[in-house]
Amino acid sequence: MIKTRFAPSPTGVLHLGGARTALFCWLYSKKVGGKFVLRIEDTDLERSTPESVQAILDAMDWLGLNYDEGPYYQTQRFERYLEIIKQLIEQGDAYYCECSRDRLESLREQQMASKQKPRYDGCCRDLELQPEDGKPMVVRFKNPQQGAVSFRDHVKGEVKVSNAELDDLIIKRSDGSPTYNLSVVVDDMDMSITHVLRGDDHVNNTPRQINILYALDAQVPEYAHVPMILGDDGKRLSKRHGAVGVMEYCEAGYLPEAMLNYLVRLGWSHGDQEVFTQSEMIELFSLDGLNRSASSFNTEKLNWLNQQYIMNSPLPDIVVLVKQRLDRLPVEYDDNLDFSAVVDLYRQRVSTINELVDSILYCFQDFDDYDVKAASKVLKQPALEPLRCLHDGLSKLENWDRASIHGVIESITEALQVGMGKVGQPLRVAVTGGSFSPPIDQTVELLGKTTSLARIRRAIDYIAINNPS
Ligand code: GLU
């Protein structure tokens, strides 16, 4: 049974890089009919918080990355790690070390001065020290001194490291807590993880972890270390580039489907295809399609994808999302307005749900002010006559439908001998407050007669006050 795991440390929100790793793990397990495990690596008691755990769970939930096992918490498995440390000591693969901080520091300085790589020199390796009350001691893994450790990484290819490069790493701190490399190994072993997909910032840990797995006679998983995500300036992705926490994208009105689609393409490709349904992603995903080079985050591309999903998702799904946001505002939308039609009209032209909400707000509440530019350009004396005629013509309309509204506008352009823009644009600014909207006859139809006429009157008054002749 193939098993992948996502093993975040809950020291903050779930970042795009983490979400992408989780997605790859999830996709691979789905593709091969395996299992996906969520493991919370919360052993760093100072930096881990329950809020971060919750933030990770919420983000996984929002993205729909459901796990088959877990969440496991490393803090609940301390006994097991200590048991394995004891076993390693007993079988001669680990030892107590009493080297003081001062000694290690001066060793380091000496090594640096003679241009050597800083490493533990194995001082206590063969001393067979026993723990003594009150004496701070760590436990170190006895890394083999001969030979090399190698693995075939699905992204990086063959990785081989000489054991002479690796020193005896600490597996238990002097406060008794197990270290990251030890707990990861024990978990991957106990949870029968077959495929470790993670960020390539961990690639240097892998040979060390493999040596511990060998010492435990455990199966070594396959590895895929994915390159990191960069900002569009080629620098490591950070706050400077915009939001890095996944849930910020949820807040900003991105759809989880778009986010997943965007993330999968950041580091994996299948020809030139950009848009993938979830089942296509699962079907086409392969470890060998993972990119070798770092990928750059690009907000425009994400916006484009989000727009595709907003346009093509079932309308009721989009309506729900819009309503959720409108419900947070002091806005009444339960009137005669055809809500779905408004959403449908506008979803063709926005990149996020928030933008959609912003652009339809005028339908439900009177705007406070006109868009400054639009008003100064359009709401002037020459617009007065067209607006008066519109008010007159539209108030007489019996059938409030698009075609009839269009007919009124057209007959005014003919009567006044002016182009469409001279009538349509004042009408647009009058009813929407700004100069962009879907076709004006459709907009006016959706707004309804009462609101449209009231807003035309308001524009006429506005011109009279602000641009008296
Ligand atoms: N907890 C580690 C991290 O968040 C990941 C460890 C792993 O995947 O092995 O960076």
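Counting restarts for each chain: residues are numbered from 1 in the order of the written sequence. Only residues with pLDDT of at least 70 get local features here, since the model is predicted, and only at 80 or more are side-chain atom pairs given and counted; chain-wide, interface and lining totals rely on the full set of residues. Here the side-chain values reflect all heavy atoms present in the structure, with hydrogen atoms and water set aside.

(A) The site of the ligand, seen in detail. Near the ligand you find Arg5, Ala7, Pro8, Ser9, Glu41, Tyr180, Arg198 and His202, and these make up its full shell. Nitrogen and oxygen atoms within 3.5 Å of one another constitute a polar contact, given that in protein one can donate a hydrogen and the other can accept it, and given that sequence-neighbouring residues count only through two side-chain atoms. Within the side chain of Ser9, a nitrogen or oxygen atom sits 2.9 Å from a nitrogen atom of the ligand. In the environment of the ligand, an oxygen atom lies 3.0 Å from a nitrogen or oxygen atom belonging to the side chain of Tyr180. Across the shell around the ligand, the residue classes tally to 3 nonpolar, 2 polar and 3 charged. Proximity criterion: a residue is near a molecule or strand once any of its heavy atoms comes within 4 Å of it. Polar here means any residue outside two lists: the nonpolar Ala, Val, Leu, Ile, Met, Phe, Trp, Tyr, Cys and Pro, and the charged Asp, Glu, Lys and Arg; Gly therefore counts as polar.

(B) Representation of helix H8 (residues 256-265) in the model. Relative accessible area decides the class of each residue, using a 1.4 Å probe on protein chains only: under 20% of the type maximum gives buried, over 50% gives exposed, and in between gives partly exposed. Each helix corresponds to a stretch of at least 4 residues labelled H or I by DSSP, and each strand to a stretch of at least 2 residues labelled E; elements are numbered beginning at the N terminus. Across the 10 residues that make up H8, a large majority, 9, are buried. Restricting attention to buried positions, one finds in H8 the residues Pro256, Ala258, Met259, Leu260, Asn261, Tyr262, Leu263, Val264 and Arg265. Following H8 by one or two positions, Gly267 has its phi on the positive side, about 120 degrees.

(C) Representation of the sheet that holds strand S8 (residues 170-172) in the model. As summarised here, the arrangement of the 3 strands in space is S4-S5-S8, forming an open sheet in which the pairing is antiparallel. Edge positions in the sheet fall to strand S4 (94-97) and S8, since each of these pairs with one other strand and no more. Between one strand and the next, the sheet's axes are offset by a mean angle of 45 degrees, whatever the strand orientation. At least two bridges found by DSSP between two strands is the condition for calling them paired. In this sheet, S8 lies alongside strand S5 (residues 138-141) in antiparallel orientation, the contact comprising 2 bridges. Bridging from a neighbouring strand, Arg140 pairs with Ile170 of S8. Helix H3 (residues 78-90) rests against S4, S5 and S8 of the sheet, and its axis sits at about 125 degrees to S8. Each axis is a line fitted through C-alpha atoms, and for a helix only the stretch in contact is used; angles between axes span 0 to 180 degrees, taken between their N-to-C directions. Only heavy atoms enter the contact rule, under which two residues are in contact if any of them lie within 4.5 Å.

(D) Layout of the side chain of Ser177. Mapped onto the elements of the fold, Ser177 is located in the loop between S8 and helix H5 (180-190). Judged by relative accessible area, Ser177 falls into the buried class, the value being 10%. At 2.7 Å, the side chain of Ser177 forms a polar contact with the side chain of Asp175. In contact with Ser177, not counting residues within four places along its chain, are Phe78, Ile171 and Lys172.

(E) Summary view of the pattern of salt bridges. Definition used for salt bridges: Asp or Glu carboxyl oxygen within 4 Å of a side-chain nitrogen of Lys or Arg. Tallied over the full model, the rule gives 24 salt bridges. Between Glu165 and Lys117 there is a salt bridge, with the nearest N and O atoms lying 3.3 Å from each other. Taken together, the positions of Glu165 in the loop between strand S7 (157-162) and S8 and Lys117 in the loop between helix H4 (101-113) and S5 put the pair 48 residues apart, joining distant regions of the chain. Asp366 is paired through a salt bridge with Arg455; the nearest N and O atoms lie 3.0 Å apart. On the criterion of sequence distance, the pair formed by Asp366 in the loop between helix H13 (353-364) and helix H14 (372-378) and Arg455 in helix H19 (residues 449-466) is long-range, its members being 89 residues apart.

(F) A look at the nonpolar core. By size, the foremost hydrophobic cluster in this structure holds 105 residues, and its most contacted members are Val322 and Leu387. Per-element tally for this core: the top contributor is helix H1 (residues 16-31), with 9 residues. Grouped together as the second largest cluster of nonpolar side chains are 38 residues, Tyr81, Tyr120, Phe151 and Ala215 included. Here the nonpolar core consists of buried residues drawn from Ala, Val, Leu, Ile, Met, Phe, Trp, Tyr and Cys, with membership extended through side-chain atoms lying within 4.5 Å.

(G) Expanded view of the packing of aromatic side chains. Classification of ring pairs rests on two measures: the distance between centres of Phe, Tyr or Trp rings, Trp counted by its six-membered ring, which must be within 6.5 Å, and the angle between planes, read as stacked under 30 degrees, edge-to-face over 60 and tilted in between. Within the structure shown, the criterion is met by 12 aromatic pairs. Plain terms: the ring middles of Tyr370 and Tyr462 are 4.9 Å apart, the flat faces sit at 70 degrees to each other, and that makes the pair edge-to-face. A residue pair is termed long-range when its members are at least 10 positions apart, and Tyr370 in the loop between H13 and H14 and Tyr462 in helix H19 qualify at 92 residues. You can call Tyr462 partly exposed: its relative accessible area is 26%. A network of ring pairs unites the aromatic residues Phe24, Trp268, Phe276 and Phe285 as a single cluster. Distance and angle both matter: a charge sits over a ring if NZ of Lys or CZ of Arg is within 6 Å of the ring centre and within 35 degrees of the ring normal. Here Arg140 stacks its cationic end above the ring of Tyr120, 3.5 Å away from the centre of that ring. The lysine or arginine in question, Lys323, covers the ring of Phe339, its NZ or CZ lying 4.8 Å from the ring centre.

(H) Focus on unusual backbone geometry. Across the junction of Gly70 and Pro71, the peptide omega takes the value 0 degrees, indicating a cis bond. Inspection of the secondary structure assignment puts Pro71 in strand S3 (residues 69-73). Non-glycine residue Glu128 carries a positive phi angle of around 50 degrees. Take Glu128: it is sitting in the loop between H4 and S5. Take Glu128: its relative accessible area is 68%, and that puts it in the exposed class. In the Ramachandran plot, Asp217 falls in the positive-phi region, its phi being about 60 degrees despite a non-glycine side chain. Assignment of secondary structure puts Asp217 in the loop between helix H6 (206-215) and strand S10 (222-226).

Honestly, that's just the spatial picture; any functional story needs more than this.
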